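Residues per chain, in single letters:
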Amino acid sequence: MSPKPSENGMEGDDEREEDSDEENSEAEEEEDEPRLKYQRMGGSVPTLLQSDAASCIAVSERMIALGTHGGSVHILDFLGNQVKEFNPHTSAVNDLSFDVEGEYIGSCSDDGSVVINSLFTEERMTFEYHRPMKAIALDPDYSRKSSRRFVTGGLAGNLYFNMKKWIGYRDQILHSGEGPIHAVKWRTSLIAWANDAGVKVYDASNDQRVTFIERPRGIPRPELLLPHLVWQDDTLLVIGWGTSVKIASIRTNQNNGIAPFGDSLVVLAYIPGKEDAEKDFSSSVPSRQGNAQRPEVRVVTRTNDELATDALPILGFEHYKAKDYSLAHSPFSGSSYAGGQWAAGDEPLYYIVSPKDVVIAKPRDAEDHVAWLVQHGWHEKALEAVEASQARSELLDEVGSGYLDHLIVERKYAEAASLCPKLLRGSASAWERWVFHFAHLRQLPVLVPYIPTENPRLRDTAYEVALVALATNTSFHKDLLSTVKTWPPVIYSALPIISAIEPQLNTSSTTDELKEALAELYVIDGQYEKAFSLYADLMKPGVFDFIEKHDLHDVIREKVAQLMMIDCKRAVPLFIQQRDLISPSDVVSQLMAAKNKCDYRYFLQLYLHSLFVSNPHAGMEFHDMQVELYADYDPKMLLSFLRNSQHYTLEKAYEICVKRDLLKEQVFILGRMGNSKQALAVIINKLGDIEEAIEFVSMQNDDELWEELIKQCLNKPEMVGVLLEHTVGNLDPLYIVNRVPNGLEIPRLRDRLVKIITDYRTETSLRHGCNDILKADCVNLLIKYYKEARRAICLSNEEDEAHTKTDKNQSSQSYDRSLSLRSMEVKPKIRGGARCCMCFDPFSIHNVSIYVFYCCHAYHETCLMDSINSLSGSKKKPAPTPTQDESLFYKYENDDDADDEVEYDDAQMRCILCTTAAG
């Protein structure tokens, strides 16, 4: 490690000299230029003072109050513009006072009045004292307290302390009898006032006087030269009275006094030799022995604490006495400041003069300080000094390079790497130089976290070398992964890093972080299938999104177990959806092969269940396995599976259900196996569910099974009762009652018998009602059939049929086709060898339509109409002959309402022969 400087090292001396040198010129500060500059106040002030004269002024944080000899108070802003005006007095205003908030202004006048005005409301308080009042001070918290306190005094010699009581305002005389009150000031709870005797201070918080400061001697009378009081802070009172200024410090805590702390001083010290210790320092004879020591420049405080000491190599110092030396400093410039300080930009200089030598001392600048730190091996502090002083960039580069070299020599590689961003900044060449330097030292992994990826951006080779360095060191594989994820892929090529990592796979140096980093690099290089394989092996949850994003369904065949272990809820739907690519047998075989890595049977249950739901026949070769899986993992779904599957072995399924005591499933399997009696015994003896037994027997539709049910229930009173409740519709209740052994007590037998009778009556009533409805329906249908049988069928020739098809729409065409088919069925049944029953001519020799009735009589249309008209005779006016379309409408429409709408047809279109015979 570099040696630490001593406590009195040059670093401390140099920093303190600047402060101490500036103190020695305090006395000369005001010789060059005044501290103040002057400017007249403008705004409204010139106009106001044309007709009046200013008598006093008060300043607050918000505004200025100006009192005049005419008794007016003008409220001004800081530019002199008038904001408000009061005319509270008839004589000159002698004093003004603001409260701390600047909301109230108090004034006193020679007219004996004291007036307090609110600056923001119309509030105004006036007090009359009948003697000229010379001073006033408002309570600093006047606006915040309801007591509304103030103090005032004047020529009467009384100092009044006024406050608001519950019965009104009240004056208290704090002091009197020592002449007029000339000035009064109030700070916190301290009230200071001046009279002819001097200055007194009163503490209003504990109602007691604090101190008395006597009036300086030899000053003019107060009437001629008024005293001035200024509270510099809460405890420091400055009293200006004539040619004298006094500063009074009020001690608020008697245990902790005000300890002075002076500025530092620069002192030239002479150190005599041992032999000269008792000699007079003022002797003018030089020491011939030459044993005097070097003179020293010391920086000390006003309390004589030594801050720094420097021995000066003055030429001939061995022979000089104290009087041979002198110290001087450069004077202050014109723009001086209070406290003896040089103005900004001025350089304090100290001159140490000896008979033969003159030494100039001045504060060391930043570069001198940095050079000294570097010289003494304090590189870190040197760097801090360069940064603090904002020195030139060349100096920062120089110091930084030296600091890095120093750290490298000390083998502090991590610390050197952490400083590179600050020292190398935006220089790409410098970064690359140090990257390869760290690589040469085999310490590049510690630098990788700090290597910039932009501003500046380095060459691809630099980033690739860095990543390879991380990949070849097992301790930095986590850093490799985070770096690959954070670095932009465009700044390097992934292939060199992949080539460096792939040989490490399946070796002792392989880690999960290395595999994941390789997968990320595969993604960057576009090798998505290889990346998927690694993600699956690493059990990454995002692998499913990766599959969907890059459409990798073809490569999931070999990673069934891994995907199920990652997220079975997402893997199962994926395998079901892609079962064309990966068959159920592949899924099952891979899961069974992974039995030592996971709960493969649970995964098999999830997959096979989903497969069965999607397609009950897709995995039928595994249904025997599914029975056992359901029994172990989801017994509630087993019965549904047994009912919906036809591909399992009943005997194996029954054995599984027996081993796991699954009773309902046993019943179902026994029923499917044909062992109905055994199934019934399980229901009654093990399940004890008579309602289930009744339902089972009802489904079997076997009378012998009913007998077996009754037989097994006869010795169980409760089951007998339940059986009685469910016999209606299945068994005769009397049969069961007769089978019940004598003396068997059946619970709630009376209520159950009542229910049986009630149900029986209800069932009987329903049957009678249904029979009545059935009879009514039969009658209605017979009537409808009879009406249909009385209607005729029109058979048109081919020309009419073609004409009809041309004129009608699509729906009419469909209707005509049905008509032709219906006509063709009737033709073979026509009696008379296809002749008209009226004219007995064959139908083929006349080109007219034919009407055929269900009685098998057929007529030419003309013959039928002539016969109808002749029969009507004088009974009824002949009806117009219906057209072919109209005839089709009411002859073959199957609508029930048509019977009521075509009464004309029912009356006219009837078989002539049958109607005449019936008549």
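A word on the overall build of the protein
Move 1: Along the backbone of the protein there are 35 helices and 28 strands.
Move 2: Counting every position in the protein, which comprises 919 residues, the buried fraction comes to 41%.
Move 3: Within the protein, residue pairs in contact and separated by at least 24 positions form 51% of the contacts whose partners lie at least 6 positions apart.
Move 4: For the protein, the accessible area works out to roughly 51400 Å², and carbon and sulfur atoms hold 50% of it.

What to know about the sheet that holds strand β12 (residues 168-175)
Move 1: Taken together, 4 strands build an open sheet; the order of strands is β9-β10-β11-β12 and the sheet is antiparallel. Two strands lie at the open edges of the sheet, namely β9 (133-138) and β12, each paired on one side alone. Within this sheet the neighbouring strands show an average axis-to-axis angle of 25°, counted without direction.
Move 2: In this structure, β9 lies alongside strand β10 (residues 150-154), joined through 5 bridges in antiparallel fashion. Each bridged residue has a counterpart across the sheet, and for Met-133 the counterpart in β10 is Gly-154.

A closer look at unusual backbone geometry
Move 1: Residue Pro-456 is bonded to the preceding Asn-455 through a cis peptide linkage, with omega at 5°.
Move 2: Within the secondary structure layout, Pro-456 lies in the loop between α8 (444-447) and α9 (460-471).
Move 3: Of note, Thr-188 is a non-glycine position whose phi angle comes to about 50°, a positive value.
Move 4: When you line up the elements, Thr-188 lands in the loop between β13 (183-187) and β14 (190-194).
Move 5: Judged by its relative accessible area of 41%, Thr-188 is partly exposed.
Move 6: You will see that Arg-442, though not glycine, has its phi angle at about 60°, which is positive.
Move 7: Tracing the chain through its elements places Arg-442 in the loop between α7 (428-440) and α8.
Move 8: Exposure remark for Arg-442: the relative accessible area of 75% places this residue in the exposed category.

What about the sheet that holds strand β7 (residues 113-118)?
Move 1: Strand order across the open sheet formed by 4 strands is β5-β6-β7-β8, with antiparallel pairing between neighbours. At either end of the open sheet lies a strand with only one pairing partner, and these are β5 (93-98) and β8 (124-128). The average undirected angle you get between the axes of adjacent strands in this sheet is 15°.
Move 2: Judged from the 5 bridges that link them, strand β6 (residues 104-109) and β7 form a sheet pairing that is antiparallel. From the neighbouring strand, Gly-106 faces β7, where its bridge partner is Ile-116.

Concerning the packing of aromatic side chains
In this description, an aromatic ring pair is defined by two values, namely the gap between the centres and the angle between the planes.
Move 1: A complete count under the given rule lists 16 aromatic pairs for this structure.
Move 2: For the ring pair Phe-853 and Tyr-859, a centre distance of 6.0 Å and an interplane angle of 75° mean the geometry is edge-to-face. Exposure class is identical for Phe-853 and Tyr-859. Each is buried.
Move 3: Put simply, the rings of Phe-612, Tyr-630, Phe-641 and Tyr-648 pair up and form one aromatic cluster.

Considering the nonpolar core
Move 1: Ranked by size, the top nonpolar core spans 91 residues in total, and within it Leu-563 and Phe-575 carry the most contacts.
Move 2: The residues touching Leu-563, leaving out its near neighbours within four places in the chain, are Phe-532, Val-543, Phe-544, Ile-547, Ile-556, Cys-568, Ala-571 and Phe-575.
Move 3: Counting residues in each nonpolar core, the second largest holds 22 residues, with Leu-638, Phe-641, Ile-656 and Val-667 among its members.

Brief notes about the pairing of β8
Where a strand is regular, its side chains alternate between the two sheet faces.
Move 1: In terms of strand pairing, β7 meets β8 through 5 bridges, oriented antiparallel. Residue pairing for β8: Ser-113 is matched across the bridge by Glu-128.
Move 2: The antiparallel pairing of β7 with β8 creates a hairpin that spans 5 residues between the two strands.

Brief notes about α9
Since there are 3.6 residues in each turn of an α-helix, residues three or four apart along the chain are aligned in direction.
Move 1: Spanning 12 residues, α9 covers 17 Å between terminal C-alpha atoms, matching the ideal 16 Å at 1.5 Å per step.
Move 2: What α9 keeps buried is the set Ala-462, Tyr-463, Glu-464, Ala-466, Leu-467, Ala-469, Leu-470 and Ala-471.
Move 3: The inward-facing, buried residues of α9 abut α7, α8, α10 (477-486), α11 (494-501) and α12 (512-525).

Regarding the pattern of salt bridges
Move 1: For the structure on display, the rule yields 16 salt bridges.
Move 2: In this structure, Arg-557 engages Asp-586 in a salt bridge whose closest nitrogen and oxygen atoms are separated by 3.3 Å. With Arg-557 in the loop between α14 (543-550) and α15 (560-566) and Asp-586 in helix α17 (residues 584-593), this residue pair connects regions lying 29 residues apart in the sequence.
Move 3: For Asp-586, a relative accessible area of 24% translates into the label partly exposed.
Move 4: In the salt-bridge network here, residues are joined through shared partners; they are Glu-101, Asp-141, Arg-144 and Lys-145.

Looking at the packing of helix α6 (residues 413-424) against α7
Move 1: Here α6 crosses α7 at 170°, and the two axes come no closer than 11 Å. Here α6 lies roughly antiparallel to α7, going by the angle between them. Taking contact as the criterion, the partners of Tyr-413, Ala-416, Ala-417, Cys-420, Pro-421 and Leu-424 in α6 are, on α7, Ala-430, Trp-431, Trp-434 and Phe-438.
Move 2: Grouping the constituent residues of the contact of α6 with α7 by class yields 10 nonpolar, no polar and no charged.

A closer look at the pairing of strand β4 (residues 82-86)
Move 1: Across 4 bridges, the pairing between strand β3 (residues 73-76) and β4 is antiparallel. Its bridge partner being in β4, Ile-75 is matched across the sheet by Lys-84.
Move 2: Here β3 hands over to β4 after 5 residues, with Gly-80 in that stretch at a positive phi of 95°.

Structural notes on the environment of Val-59
Move 1: The residue Val-59 is located in strand β1 (residues 54-59) in this model.
Move 2: The exposed category is assigned to Val-59, whose relative accessible area is 56%.
Move 3: As a C-alpha pair, Val-59 and Ser-97 span 38 residues in sequence and 8.5 Å in three-dimensional space.
Move 4: Setting aside residues up to four positions removed in sequence, Val-59 forms contacts with Ile-64, Phe-78 and Phe-98.

Some details on a nonpolar patch on the surface
Move 1: A grouping of Ile-57, Val-59 and Phe-78 is seen on the molecular surface, where their side chains present a nonpolar patch of about 310 Å² in accessible area.
Move 2: You can see Phe-78 is positioned in the loop between β3 and β4.

Digging into the side chain of Ser-97
Move 1: You can see Ser-97 is positioned in strand β5.
Move 2: From its side chain, Ser-97 meets the backbone nitrogen of Leu-138 in a polar contact 3.0 Å long.
Move 3: Among all residues touching Ser-97, those that are not within four sequence positions of it are Tyr-104, Ile-105, Gly-106, Ile-136, Ala-137 and Leu-138.

Some remarks on helix α19 (residues 623-633)
Move 1: If you check which residues of α19 are buried, you get His-623, Gln-626, Val-627, Leu-629, Tyr-630 and Ala-631.
Move 2: As for α19, its buried residues are in contact with α18 (600-614), α20 (638-644) and α21 (650-659).

Thoughts on the packing of α21 against helix α22 (residues 663-673)
Move 1: Between α21 and α22, whose axes approach to 9 Å, the crossing angle comes to 155°. Between α21 and α22, the angle falls in the class roughly antiparallel. Relative to α22, α21 is oriented so that their crossing is left-handed. Facing α21, whose interface residues are Leu-650, Glu-651, Ala-653, Tyr-654, Cys-657 and Val-658, α22 presents Glu-665, Gln-666, Ile-669, Leu-670, Arg-672 and Met-673.
Move 2: Of the residues in the contact of α21 with α22, the class split is 8 nonpolar, 1 polar and 3 charged.

What counts as what
Residues numbered from 1 in each chain as written. Predicted model: local features only at pLDDT ≥ 70, side-chain atom pairs only at ≥ 80, totals over all residues. Heavy atoms only, no water. Helix = DSSP H or I, 4+ residues; strand = E, 2+ residues; numbered from the N terminus. Buried < 20%, exposed > 50% of the residue type's maximum accessible area, 1.4 Å probe, protein only. Contact = heavy atoms within 4.5 Å. Areas by Shrake-Rupley, 256 points an atom, 1.4 Å probe, with all protein chains shown as cover. Pairing = 2+ DSSP bridges. Axes fitted to C-alpha atoms, helices over the stretch in contact; angles between N-to-C directions. Phe/Tyr/Trp six-rings, centres within 6.5 Å; stacked < 30°, edge-to-face > 60°. Core = buried A, V, L, I, M, F, W, Y, C linked by side-chain atoms within 4.5 Å. Expected span 1.5 Å × (residues − 1). Salt bridge = Lys/Arg side-chain N within 4 Å of Asp/Glu carboxyl O. Parallel < 35°, antiparallel > 145°, perpendicular 65-115°, else oblique. Nonpolar A, V, L, I, M, F, W, Y, C, P; charged D, E, K, R; others polar. Patch = residues over 30% accessible without salt bridge, like charges linked within 9 Å, V, L, I, M, F, W, Y side chains within 5 Å. Polar contact = N/O pair within 3.5 Å; in protein donor to acceptor, adjacent residues only side chain to side chain. Left-handed = near helix turned anticlockwise from the far one by under 90°.

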